[in-house]
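Close look at the chain arrangement
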Amino acid sequence: MGVVKGLGWLVALAFWCLLVGGRAEAVAGTPLAPVRESKAVLSHEAVEAAARERLVSELNEDGEGRRYEIVTVRQPKNMKVPAGEIALDAVAPSGIRYGLTVPVYVTVSVDGQPYRQLSCSFKVKVYDKVAVAARNLQPRRILQAKDVKLEERDVSLTAAHYLTDLEKVIGRELNRLVREGTIFTAGMVKNPVIMPSGTIVVIISRYNGIEIRAEGKAMQAGREGSVIKVQNTATRKVIDARVVDAVTVETIRNH
């Protein structure tokens, strides 16, 4: 009886092996009928690409000609969506703020119907060739060519009035202490004094196309373009005048 039971177990095992072997052969060798999936997977790469395309489009529309870099801060996860024609529409409602986090919202539509909105965020870095200090510089220094150089820098969070032309730096006077590598901005430099107080000057007045010249004396030191007090030598009258060059000023008409 024990032998019969043992043989029965072996027969059952052999039958099971034949059955499984037959199924495996069918799966491997017999083509299966195509099955339409009820869900599709939308990759985070596709969503991120749509969002980046929106940012690039806005940068182009704004006429951004500097080199820029779009850095991902947060990306969505892969998402299952109903099977069908998938479309992505991205918007950046806050616009682009260089160096700060920029949210972008991507609407996912399936067969023309909105399905879900995903969000991701980026930082847009922008680079430019700017004037930087080549060494530590002291206040009131008249800047020379050896003091400045051009370098490409990340200017995403730099003041809008950074300088890119060395001619707007060289020959001008420094307002404050500047460390090596600092980016120059318009507020750091000013025109040097070219008209010391007491200088004998030519005062030019223009009215209705007529130019009148008179002699005067600078009552204050003046820089090119600055307004100083000037005394007319003949009338002794003190007026406001704009410095044109080292010996010339032009009266300011009051409206």
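This write-up is about the structure you can find in this document. (Residues numbered from 1 in each chain as written. Predicted model: local features only at pLDDT ≥ 70, side-chain atom pairs only at ≥ 80, totals over all residues. Heavy atoms only, no water.)

By the definition in use, this model includes 0 aromatic pairs. The aromatic ring of Tyr127 is capped on one face by Arg67, whose charged end is 4.1 Å from the ring centroid. (Phe/Tyr/Trp six-rings, centres within 6.5 Å; stacked < 30°, edge-to-face > 60°. Lys NZ or Arg CZ within 6 Å of the ring centre and 35° of its normal.)

Further remarks concern the sheet that holds strand β12 (residues 210-218). Reading around the barrel, the 5 strands line up as β11-β12-β14-β15-β16 and close back on themselves, with mixed pairing between neighbours. Within the sheet, the average angular offset between the axes of one strand and its neighbour, ignoring direction, is 55 degrees. Here β12 runs beside strand β14 (residues 227-232); their pairing, made up of 3 bridges, is antiparallel. By the bridge assignment, Ala218 is partnered in β14 with Val230. (Pairing = 2+ DSSP bridges. Helix = DSSP H or I, 4+ residues; strand = E, 2+ residues; numbered from the N terminus. Axes fitted to C-alpha atoms, helices over the stretch in contact; angles between N-to-C directions.)

With that settled, consider the pattern of salt bridges. All told, the structure shown has 14 salt bridges when counted by the stated rule. Where Glu152 meets Arg67, a salt bridge forms, and the shortest distance between an N and an O atom there is 3.2 Å. Taken together, the positions of Glu152 in strand β7 (residues 148-154) and Arg67 in strand β2 (residues 67-74) put the pair 85 residues apart, joining distant regions of the chain. By relative accessible area, which is 44% here, Glu152 ends up partly exposed. The residue Arg206 makes a salt bridge to Glu211 at a minimum N-O spacing of 3.0 Å. Salt bridges sharing common partners tie together Arg206, Glu211, Arg213 and Glu250. (Salt bridge = Lys/Arg side-chain N within 4 Å of Asp/Glu carboxyl O. Buried < 20%, exposed > 50% of the residue type's maximum accessible area, 1.4 Å probe, protein only.)

If you trace the backbone, Gly187 turns up in the loop between β8 (173-174) and β9 (189-190). C-alpha of Gly187 to C-alpha of Asn175: the two residues are 12 residues apart in sequence and 7.9 Å apart in space.

Membership of the largest hydrophobic core comes to 20 residues, with the highest contact counts inside it found for Leu55, Val104 and Phe122. Secondary-structure elements contributing two or more residues to this core are α2 (44-61), β3 (79-82), β5 (101-110) and β6 (113-133). The greatest single-element share of this core, amounting to 5 residues, is contributed by β5. Not counting residues up to four positions away in its chain, the partners in contact with Leu55 are Ile70, Ala92, Ile96, Val102, Val104, Phe122 and Val124. Counting 12 residues, the second largest nonpolar core, distinct from the first, contains Ala133, Leu137, Leu143 and Val169. (Core = buried A, V, L, I, M, F, W, Y, C linked by side-chain atoms within 4.5 Å. Contact = heavy atoms within 4.5 Å.)

Quick look at α2 now. End to end, α2 covers 26 Å across 18 residues, agreeing with the expected 26 Å (1.5 Å per residue, within 8%). Within α2, the full set of buried residues consists of His44, Val47, Glu48, Ala50, Ala51, Leu55, Glu58 and Leu59. In the core, the buried residues of α2 are packed alongside β1 (39-42), β2, β4 (86-91), β5 and β6. Gly63 sits one or two positions beyond α2 and adopts a positive phi of about 75 degrees. (Expected span 1.5 Å × (residues − 1).)

Moving on to the environment of Asp240. Along the chain, Asp240 falls in strand β15 (residues 238-245). Expressed as a C-alpha distance, the spacing of Asp240 and Ile228, which sit 12 residues apart in the sequence, is 5.7 Å. If near-sequence neighbours (up to four positions away) are discounted, Asp240 is found in contact with Val227, Ile228, Lys229, Thr251 and Ile252.

A separate point is the pairing of β5. Within β5, 7 of the 10 residues are buried, which leaves it mostly tucked inside the rest of the structure. Note that β4 and β5 share 6 bridges and pair antiparallel. Within the sheet, the bridge partner assigned to Ala90 lies in β5 and is Val106. As paired strands, β5 and β6 are joined by 10 bridges and run antiparallel to one another. Across the sheet, residue Val106 finds its bridge partner in β6, namely Leu118. The hairpin turn running from β5 into β6, its antiparallel successor, is 2 residues long, and Asp111 in that turn takes a positive phi close to 55 degrees.

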